[in-house]
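Geometric and topological summary
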Amino acid sequence: MKFISEILNIRRNEFISVLIFFIYSLLLVSILIFSKTVRDTLFLTEFEITFLPIMYLLSSLAIWLVTNFIWVRRESYNFIENNYKLFFLFFFITILFGLYRNINLIPVFYIWTEILTLFMGIVFWDNASLAFDNLQAKRIFPVISAGGTLSGIFAGAALPYIIAQLNLYNSMIFISFLILLIIMCLKISTSFVILKYKPEKSIKQFKNENKSPDEFIKSIILFTIVSSLIYTLVDYQFKSSVLFNFSSKDEMILFFGKFYMYTSMLSLFVQLFLSNKI
């Protein structure tokens, strides 16, 4: 443990909190990869590609609503403390999609995936911004992010085999149980925030006093929204190519697994060898 802490530049009193957020990041990206693979495979094989622009429009609306919902509440202590209740709602709704196997609900699941992954992602970085101050964030956030990158590699590699054993709808149930693990990490990570934060103070005051990297989190959220919009512009062509080149669900799942694995490897290479030089 000491050897790992020295390599990663993590202090002894930070190790547990960093480990929890690392696992949290790993699970979050795993949910993103599995849910989007299930969603895209089902949608492309059951619906015409011409319906995709409608889904982009509805997804953009969902992104705006979720971001606005969080932003007006994120400085409330009760919202931070009770986020896990919303995550339980995510768990139950996702498991219902897996149990109630109706083709007509696939477009709803498409939009639900956007809401699920965006909300959990913003809450993750918001909790991280409250658990670590600005100086800690510069050392620790790259380590936390590496959990997601490694998850992309391993989840991408395992994805075709896991879905082959479970099938697409049972994979939704698998995703819901990953959400349960996320809830455990969320509760523990929230305890790190509570230890540093006094309920009688506003979170804004807490952030100012502790130099919490709120501007950094705002940048991450803004980057997420902008990248989502850019992603939408190229996603149609990408999915059209997938549909043209792969005719079966198994072929699509295998392709998506390799795609996430290789892009995560590229991301890890950039983090290790290029990020410090940029």
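To be clear, the structure that these remarks concern was listed above.
Residues numbered from 1 in each chain as written. Predicted model: local features only at pLDDT ≥ 70, side-chain atom pairs only at ≥ 80, totals over all residues. Heavy atoms only, no water.

**Thoughts on the overall build of the protein chain**
If you tally the helices and strands in the protein chain, you get 11 helices and zero strands. Along its sequence from the N terminus, the protein chain presents helices and strands in the succession α-α-α-α-α-α-α-α-α-α-α. Counting only residues that meet the buried cut, the protein chain has 47% of its 278 residues in that class. In the protein chain, the share of contacts with a sequence separation of at least 24, taken over all contacts with a separation of at least 6, comes to 86%. (Helix = DSSP H or I, 4+ residues; strand = E, 2+ residues; numbered from the N terminus. Buried < 20%, exposed > 50% of the residue type's maximum accessible area, 1.4 Å probe, protein only. Contact = heavy atoms within 4.5 Å.)

**Considerations on the packing of helix 5 (residues 83–99) against helix 6 (residues 106–131)**
Here helix 5 crosses helix 6 at 155°, and the two axes come no closer than 11 Å. In terms of their interaxial angle, helix 5 and helix 6 are classed as roughly antiparallel. Handedness of the crossing formed by helix 5 with helix 6: left-handed. Contact with helix 5, carried on its side by Asn83, Leu86, Phe87, Phe90, Ile93, Thr94 and Phe97, involves Val108, Phe109, Trp112, Leu116, Phe119, Met120 and Val123 of helix 6 and no other residues of that element. Residue composition of the contact of helix 5 with helix 6, grouped by class: 12 nonpolar, two polar and no charged. (Axes fitted to C-alpha atoms, helices over the stretch in contact; angles between N-to-C directions. Parallel < 35°, antiparallel > 145°, perpendicular 65-115°, else oblique. Left-handed = near helix turned anticlockwise from the far one by under 90°. Nonpolar A, V, L, I, M, F, W, Y, C, P; charged D, E, K, R; others polar.)

**Section: unusual backbone geometry**
The backbone phi angle of Asn167 is positive, close to 80°, even though this residue is not glycine. Along the chain, Asn167 turns up in the loop between helix 7 (134–166) and helix 8 (168–196).

**Brief notes about the environment of Leu52**
Checked against the element boundaries, Leu52 lands in helix 3 (residues 52–71). For Leu52, a relative accessible area of 0% corresponds to the buried category. Between the C-alpha atom of Leu52 and that of Ser240, which follows or precedes it by 188 residues, the distance is 9.7 Å. Not counting chain neighbours up to four residues away, the residues in contact with Leu52 comprise Phe43, Leu44, Tyr110, Tyr236 and Lys239.

**Quick notes on helix 5**
Across its 17 residues, helix 5 extends 25 Å between first and last C-alpha, which sits within 8% of the 24 Å expected from 1.5 Å per residue. Looking only at helix 5, the buried set comprises Asn83, Phe87, Phe90, Phe91, Thr94, Ile95, Phe97 and Gly98. Relative to the axis of helix 5, the buried residues are bounded by an arc of 150° and lie together on one face. When the buried face of helix 5 is taken as reference, the exposed residues oriented beyond 90 degrees from it are Leu96 and Leu99. (Expected span 1.5 Å × (residues − 1). Arc of directions from axis to C-beta.)

**Some thoughts on the packing of aromatic side chains**
Inspection of the entire model under this criterion finds 26 aromatic pairs. On the numbers, 6.2 Å between centres and 80° between planes, the contact of Tyr84 with Phe88 is edge-to-face. Placement of both Tyr84 and Phe88 in helix 5 is noted, with a separation of four residues, approximately one turn of the helix. Accessibility expressed as a relative area gives 21% for Tyr84, which makes it partly exposed. Ring geometry for Phe90 and Trp112: centres 5.4 Å apart, planes at 75°, overall edge-to-face. Of this pair, Phe90 sits in helix 5 while Trp112 is found in helix 6, placing the two residues 22 residues apart along the sequence. Across this residue pair, the class does not change: Phe90 and Trp112 are buried. Positioned above the aromatic ring of Tyr110 is the side chain of Arg39, whose terminal nitrogen or guanidinium carbon lies 4.0 Å from the ring centre. In this structure, Lys187 is placed above the aromatic ring of Tyr84, and the distance from its NZ or CZ to the ring centre is 4.2 Å. (Phe/Tyr/Trp six-rings, centres within 6.5 Å; stacked < 30°, edge-to-face > 60°. Lys NZ or Arg CZ within 6 Å of the ring centre and 35° of its normal.)

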